[in-house]
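Structure assessment
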Amino acid sequence: PPRPAPTPRPPRPPTPPAARPRPAVAVPRGLQGLSWSLVAVALGVAIAATIFEAISKYGIDNLTVPIGAAATALALTRLLGLDQLG
């Protein structure tokens, strides 16, 4: 005996477009707390830490880099008057 014709399936509803993936980190909408002096301190500390890393001898960079970076950050914040902020 002949097989009956398969019944057509109803069309699938269209799938909604994929939601845009969320970024892995929070991205601020504005830069309210960012100032040129804060950027200057960050760059100064980064440069100083690199120099301390390069000139430290005998494997004591685990001590000299953090202490030197902290001293640089303290000096730059006082120099630029960032320690006076409320």
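Residues numbered from 1 in each chain as written. Predicted model: local features only at pLDDT ≥ 70, side-chain atom pairs only at ≥ 80, totals over all residues. Heavy atoms only, no water.

Looking at where Asp83 falls in the secondary structure, it is placed in the segment after α2 (61-79). Apart from the residues lying within four places of it in its own chain, the contact partners of Asp83 are Thr77 and Arg78. (Helix = DSSP H or I, 4+ residues; strand = E, 2+ residues; numbered from the N terminus. Contact = heavy atoms within 4.5 Å.)

Relative orientation of the contacting elements helix α1 (residues 36-55) and α2 amounts to 150°, with a least axis distance of 9 Å. With respect to their mutual orientation, α1 and α2 come out roughly antiparallel. In this structure, α1 meets α2 at a crossing whose hand is right-handed. In this structure, α1 contributes Ala40, Val41, Gly44, Val45, Ala48, Ala49, Phe52 and Glu53 to the contact, and α2 contributes Asp61, Thr64, Val65, Gly68, Ala69, Thr72, Ala73, Leu76 and Thr77. A breakdown of the residues in the contact of α1 with α2 according to their chemical character gives 10 nonpolar, 5 polar and 2 charged. (Axes fitted to C-alpha atoms, helices over the stretch in contact; angles between N-to-C directions. Parallel < 35°, antiparallel > 145°, perpendicular 65-115°, else oblique. Left-handed = near helix turned anticlockwise from the far one by under 90°. Nonpolar A, V, L, I, M, F, W, Y, C, P; charged D, E, K, R; others polar.)

Structural measurements only, silent on function.
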